[in-house]
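Here's the letter readout for the chains.
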Amino acid sequence: MMALVEELFPICRSITGNGVRRTLEILRRYIPLEVNEVPSGTAVLDWTVPAEWNIRDAYIASDDGTRVVDFAANNLHIVQYSPPIDAVMPLAELRAHLHTLPDHPDWIPYRTSYYVKNWGFCLTNHQLLSLADGFYRVMIDSDLAPGHLSYGELLIPGEIGDTVLLSCHICHPSLANDNLSAIAVATKLACHLQTLRLRYTYRFLFIPGTIGSLTWLARNEDKVGSIVHGLVLSCLGDSGGMTYKQSRRGNAAIDRIVAHVLAHDEVPHRIMPFVPYGYDERQYCSPGFDLPVGCLMRTPNGEYPEYHSSADNLSLLHPENLAHSLAVLQRIVTVIEGDAIYRSRNPKGEPQLGRRGLYATIGGQREPSYDQMALLWVLNLADGHHSLLDIAERAGAPFARMRAAADALVAAELLKPIHFQG
Amino acid sequence: MMALVEELFPICRSITGNGVRRTLEILRRYIPLEVNEVPSGTAVLDWTVPAEWNIRDAYIASDDGTRVVDFAANNLHIVQYSPPIDAVMPLAELRAHLHTLPDHPDWIPYRTSYYVKNWGFCLTNHQLLSLADGFYRVMIDSDLAPGHLSYGELLIPGEIGDTVLLSCHICHPSLANDNLSAIAVATKLACHLQTLRLRYTYRFLFIPGTIGSLTWLARNEDKVGSIVHGLVLSCLGDSGGMTYKQSRRGNAAIDRIVAHVLAHDEVPHRIMPFVPYGYDERQYCSPGFDLPVGCLMRTPNGEYPEYHSSADNLSLLHPENLAHSLAVLQRIVTVIEGDAIYRSRNPKGEPQLGRRGLYATIGGQREPSYDQMALLWVLNLADGHHSLLDIAERAGAPFARMRAAADALVAAELLKPIHFQG
Amino acid sequence: MMALVEELFPICRSITGNGVRRTLEILRRYIPLEVNEVPSGTAVLDWTVPAEWNIRDAYIASDDGTRVVDFAANNLHIVQYSPPIDAVMPLAELRAHLHTLPDHPDWIPYRTSYYVKNWGFCLTNHQLLSLADGFYRVMIDSDLAPGHLSYGELLIPGEIGDTVLLSCHICHPSLANDNLSAIAVATKLACHLQTLRLRYTYRFLFIPGTIGSLTWLARNEDKVGSIVHGLVLSCLGDSGGMTYKQSRRGNAAIDRIVAHVLAHDEVPHRIMPFVPYGYDERQYCSPGFDLPVGCLMRTPNGEYPEYHSSADNLSLLHPENLAHSLAVLQRIVTVIEGDAIYRSRNPKGEPQLGRRGLYATIGGQREPSYDQMALLWVLNLADGHHSLLDIAERAGAPFARMRAAADALVAAELLKPIHFQG
């Protein structure tokens, strides 16, 4: 995953344009993404697909021609969606178009102006302070013209049409944790799921933030009803603990599933209630859709100092964090796929596990083994009402252990499945 | 309000009599109270309006004629409802009629014997210890005879008949916090409400404790059904934090409203569950009425040492505490009046706030402003099910902020009101 | 109760056999137990009543004939259900049949092998280490042959058929806390209940663990439906605090009742959620029965170091602990028997308690008495919906106080009973 992040890092992505296309192209080397192109001007819900933005070069030059701020050095130097300009102006006039982070004088901020035409440059505070009075040439060689919005989509069909949505934003330029990390983890998860026989259908979206999810929702209102679980993926490579932001419903199945997996994970975690700010869960959880979609992160947006600055670079990511995030997602899939309701075939009293080789032969010992407890829990709650996740929660034990116990009990003809969840 | 308290303080009030009448008269200089007179002997629910009690003079004199305890010095010296007496008796016999506070030897207790004929004097423990053996003249120049029970009532009509009850007791003699403080705050609140265009109807009761609320309830059973929120007001002038005692229901709208207002108040507060002891909420919350009536106080009855003693005097009150109590009540009224349910006109995805001037123009910044969050919360939960108070609770933000956001969104035609609460 | 424990302690009990019969015989001196004998081979639910086991002698002797491990010294030395054997074997072969507690080298463990034929000896780790290499004679003079499973049952009829089940296991040999303590307490409780006029029917079971409860359930399926409350009793003589393990339902009436009684007890206590391990609650709470049966203990099985070893002997028990456990059970019975729902005859406003002699005559005092508060609570919640236990829980006061207040209010004709619980 780290190699993929490294390859994607230098590309200047935005909510539209060739950077996004190039990114999707690279992902298609791993997974058979379908790339959609939606024309500028298309009405999507309350919004309109904006003009396409592409940029070739941009700089601020002092009067001797020296580039004092240069897009070629770092693509964060330009405010995204800056229209073209080529002008000379005094520092006083230029200053209104310059953005810095005074608290982090060595970092370049990330700024956008998608929906209001407004050019600007981002630079370090040190750069700003070193600018002498006088005149500067401002040059932005960009196009802001009718084109298309591009996004990638992958459907991995399962036995049933009920769908798990996995969505990540692909609109940020050279920012590593937000969100190349999640792009890489989602790509790897999709690779993995393609190798499995799946019960649920999985839909992956690689989309520009906000306008991308709005566009997908507007074009796929008929598919929205089949989404039974969903996760927005973001910031999955930093060294912080796991964070799960609940869906608007707060008690959706995905909320319980993720909370269960994280509770039995070795890494510390936090559950945050829904707030209508953040990533594309804002759109999926708008009141007209109210989808069961939460957001899985390590350190959330806005909570790490490097967020939305040039310091969110490759040094913030560690391969083991990406691998751990992927493992958590795989465990979440395991619960989604494997949860089911059973009924005991011997509900009156405990069945005699001993003669079926499922019980310790010498009695009187202090404690049962973990596996023995799992067998007893599953039998005790196999009443046609409790799902394996219900049982795992009540037993305070990981889902996988209940899943294994259920398999052993089915094999011993002590249990029959009533129905799978979903 | 302090001036009003000071004017009322010297008057000897009881559950009936001229002290109450004089008090209501003074209040009528501020608000157009209707004064009701209910004859002694009137059956009110399980009770009977007692004889009217008036007192002119009372003292204990030593054999040289010196008044060693004198009602003229402090009206707490007499047990309320003491019948007339003029007798000479030895100290040993007198002692059974004397009440002191041994733990606070400088304070005079407040005692009553409304429903059992029993004369008595209250004095400081120092006074008691200084009484030499010998004979004393006991003189109480009082009337305990058929008359009337008096109480004041003010109805401030609103658009709808649904009524907010505000009730305070006016039966205590020279006790400042309990309850001249609440009488003053209620009077001021009534003045304020009269200047507003109100949705709800407000009913203020200035009544003697227990028998007054029983009398009002007995005479107004037809009006009880229209009470949708209610507060008993008491002890609102001391320097303690705010205390809210919940209604018997515990989850009435008023319980949520007061808890919300106090949670966002700058002063510490406490929420106490209902107990069937305290003030007139005992009657309003009796099982046959079970009204949604809580009790708002600063330090509750019985929890401050000066309670029901001569130390509950003007020095215990501070104008800023009275003003703060009034401000809290005004904020409660704001929620009662302003809570409503809305529906978004653009429920699918977020509406584009930017083009309506309701969103920051430069994106990428770390945190949204408070007001921007309020707009997002209201839009996200404007689903026809959540009221503004629900939204404020979920957002963890004060109601007023949600109210302002809703107004801005209605003005931008993004929201339509479904119905007001109540 | 201590004398009964001491008499029962030396007997070698198992899940079948003469030790159980002798034990029931002794209990019959106190209570008119019905003794049931169920033949080996009888199918009971998923199980079969096993062969009856009786043992006369057992030892390991060194080659000079010295008994190095001797059943006569302690009946824990033999693994329960060891089949007969008389053989000479080298220590290496013998070792696989020896059980010790290395962490407690002076204690003999308690081990069983009821359902797999497997002989064995239990000894102290010191004994094990002192065994020299060489040959040993192993002698077990036991019978493992068709016979009967014996259990005792006592029905104490009440006014209604709704039944309270009290169950304790009688299958352990010389172990004092587990479970002679509970046998003695249950016997004493049964004696006590026989002297009362009871509303509920009480059923006591003195049964071998697991197979005993399965046998009773299999033979009495028609009676299971009448069980409305139940407790398994175990480990009631040690000096630990009280422990209540909830029924599978977790919110059964018995769960609330026991939690209430323990919350107002002077001894610390713990409420544990149901787990499908422990004593016969495993069977009563299997999904096909799901009875409202919890388990009352002092220190739970497995949590005290002496558990299932020779150190669980008479020195672990104290008469005052047995007496306290009995007192707790009696208080539980008091709630079961005395809980009821009332309706106030004067629900509008408080009735005037003073003229009925139920209120302090001098008013103005700081705090009501406990009893006065109980009267006010019962009156306030006597609305035909709240039971006395509901009221006690809400008042945070012991049930007995509400019971007394209700009696006083019924006597004063202020309350009428609607119906008793159950």
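Before reading further, recall that the structure is shown in the block above.
Residues numbered from 1 in each chain as written. Chains lettered and ligands numbered in written order. Predicted model: local features only at pLDDT ≥ 70, side-chain atom pairs only at ≥ 80, totals over all residues. Heavy atoms only, no water.

K.L.:
Would you take a moment to explain the relation of the copies chain A and chain B for this structure?
P.N.:
Each of the two copies of the chain can be brought onto the other by a rotation about an axis and a shift along it. Superposing chain A onto chain B requires a rotation of 120° together with a translation of 0.1 Å along the rotation axis, leaving an RMSD of 0.0 Å. Interpreted geometrically, this transformation is the action of a three-fold axis. The rotation axis passes nearest to the C-alpha of N251 of chain A in chain A, at a distance of 13 Å. (Least-squares fit on C-alpha atoms with pLDDT ≥ 70 in both.)

K.L.:
What's the story with the packing of aromatic side chains in this structure? I'm lost.
P.N.:
What characterises a pair of aromatic rings is the spacing of the ring centres plus the angle enclosed by the ring planes. Overall, the coordinates contain 21 aromatic pairs over all chains when judged by the stated rule. Pairing W47 of chain B with Y115 of chain B gives two aromatic rings, centres 5.4 Å apart and planes at 75°, and the pair type is edge-to-face. Placement of W47 of chain B in strand β3 (residues 47-48) and of Y115 of chain B in the loop between β7 (98-99) and β8 (121-122) is noted, with a sequence separation of 68 residues between them. Residue Y115 of chain B is classed as partly exposed on the basis of its relative accessible area, which comes to 35%. Taken together through their ring pairs, the aromatic side chains of W47, W53, Y81, Y114 and Y115 of chain A make up a single cluster. (Phe/Tyr/Trp six-rings, centres within 6.5 Å; stacked < 30°, edge-to-face > 60°. Helix = DSSP H or I, 4+ residues; strand = E, 2+ residues; numbered from the N terminus. Buried < 20%, exposed > 50% of the residue type's maximum accessible area, 1.4 Å probe, protein only.)

K.L.:
Explain the side chain of N54 of chain C here, please?
P.N.:
Residue and element names in this part refer to chain C. Assignment of secondary structure puts N54 in strand β4 (residues 52-61). Polar contacts involving the side chain of N54 include one to the side chain of E52, which spans 2.9 Å. If we skip the residues at most four places from it in the chain, N54 touches G17, N18, D141, S142 and D143. (Polar contact = N/O pair within 3.5 Å; in protein donor to acceptor, adjacent residues only side chain to side chain. Contact = heavy atoms within 4.5 Å.)

K.L.:
Explain the interface of chain A and chain B here, please?
P.N.:
It is common to give the size of an interface as the accessible area lost on bringing the parts into contact. Each partner contributes residues to the interface: chain A has 32 residues there, and chain B has 27 residues. Both faces combined, the contact of chain A with chain B buries some 2,600 Å², and carbon together with sulfur accounts for 48% of it. Interface area lost by chain A to chain B is led by D46, P276 and Y277 of chain A, which between them contribute 25%. Linking chain A with chain B are 5 salt bridges, by the criterion used here. At the boundary of chain A and chain B, one finds 16 residue pairs in polar contact (both at pLDDT 80 or more). Considered class by class, the residues forming the side of chain A that touches chain B number 16 nonpolar, 10 polar and 6 charged. (Buried area = accessible area lost by both parts, 1.4 Å probe. Salt bridge = Lys/Arg side-chain N within 4 Å of Asp/Glu carboxyl O. Nonpolar A, V, L, I, M, F, W, Y, C, P; charged D, E, K, R; others polar.)

K.L.:
Just to check I follow, could you spell out the pairing of strand β5 (residues 67-70) of chain C for this structure?
P.N.:
Residues in a regular strand project their side chains so that they alternate between the two faces of the sheet. Residues and elements named next belong to chain C. Pairing of β4 with β5 involves 3 bridges; the strand directions are antiparallel. Bridge assignment links Y59 to a residue of β5, and that residue is D70. Here β4 folds back onto β5, and the loop between the two strands holds 5 residues, one of which, G65, carries a positive phi near 90°. (Pairing = 2+ DSSP bridges.)

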